[in-house]
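Topology and contacts: notes
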Amino acid sequence: MMLELFAHPFSSYCWKVLIPLYENATPFTYRSLEEPGAGAELARLWPIGKFPLLVDNGTPMMESSVIIEYLQRHHPGPVRFIPEGDAALEVRMLDRIFDNHVMGQMQRVVADALRGPERHDPVEVEEAKAALQKSYAWLDGWLEGREWAVASGFSLADCAAAPALFYADWVDPIPEAMVNLKAYRARLLARSSVARAVDEARPYRPYFPLGAPDRD
């Protein structure tokens, strides 16, 4: 039975799982949540209703980082996203940093925009953007001399970084002086698996509540 992925093309966490699927050319059925009935099926399989959701032979697997590790164990390909031994700790560390300190802060700003003008919280937005800038500065230093997030090569950490930095730079631009981080974002967007996810999401850019910039 083929893998099924319940996902939305514009979702950052869905991109995170799509990237390794595309990297390894793993066969799967894309259950886009724009399609009739896909949302109801997702809710039946996972009542919390969060996506992406991977279904393998009837067994659902939740949470993007866990899905990527599951794919490596049960549907491996030439690209390994989590290395062996202590190197895996560095990969998981960067994965958490991108999810929590980049994606998470970006989503605070987006959530404020979605609440509508009568419920905006300028303090919340200011705090989130300040936290983003701290993360940008740390990452710019971390990336000095690195092609990808960790020395072992393209990994789970980069799968997290691509959508996180893509949308975070829309919300609060990476300063021009942070050349390492800006170059890393550009390398991510140039990678074919990431570029494919970006292109598939283009029709949904009007969904972005802050207005999608005329770039990327």
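Coordinates for the structure precede this section.
Below, the structure is looked at part by part. (Residues numbered from 1 in each chain as written. Predicted model: local features only at pLDDT ≥ 70, side-chain atom pairs only at ≥ 80, totals over all residues. Heavy atoms only, no water.)

A closer look at helix α6 (residues 156-171)
With 16 residues, α6 should cover 22 Å at 1.5 Å per step; its first-to-last C-alpha distance of 23 Å lies within 8% of that length. Counting buried residues along α6, 16 of its 16 residues qualify, which places the element largely inside the surrounding structure. For α6, the side-chain oxygen to backbone nitrogen distance between the N-cap and Ala157 is 3.1 Å, and the N-cap itself is Ser155. (Helix = DSSP H or I, 4+ residues; strand = E, 2+ residues; numbered from the N terminus. Expected span 1.5 Å × (residues − 1). Buried < 20%, exposed > 50% of the residue type's maximum accessible area, 1.4 Å probe, protein only. Polar contact = N/O pair within 3.5 Å; in protein donor to acceptor, adjacent residues only side chain to side chain.)

Examining empty space enclosed by the protein
Considering all chains together, one arrives at one cavity of 30 Å³ or more under this definition. Volume-wise, the largest cavity comes out at about 70 Å³. What lines the largest cavity is Pro20, Asn24, Thr26, Ile68, Leu71, Gln72, His75, Pro76, Gly77, Val79 and Phe81. Among the elements that make up the lining of the largest cavity, the one with the highest residue count is helix α3 (residues 64-74) (three residues). (1 Å grid on protein atoms, 1.4 Å probe; cavity = no way out; pocket = protein on both sides within 12 Å on 5 of 7 lines; lining within 4 Å. Points joined across faces, edges and corners; volume = space filled by probe spheres on them.)

Describing the packing of aromatic side chains
The final tally for this structure, using the stated rule, is 15 aromatic pairs. Ring geometry for Phe10 against Tyr167: centres 5.4 Å apart, planes inclined by 80 degrees, an arrangement best described as edge-to-face. With Phe10 in the loop between β1 (3-7) and α1 (12-23) and Tyr167 in helix α6, this pair connects stretches of sequence that are 157 residues apart. Summarising the aromatic geometry, the rings of Tyr167 and Phe208 are spaced 6.0 Å apart at their centres and angled 20 degrees between planes, so their arrangement reads as stacked. In this pair, Tyr167 sits in helix α6 while Phe208 sits in the segment after α8 (192-201), placing the two residues 41 residues apart along the sequence. (Phe/Tyr/Trp six-rings, centres within 6.5 Å; stacked < 30°, edge-to-face > 60°.)

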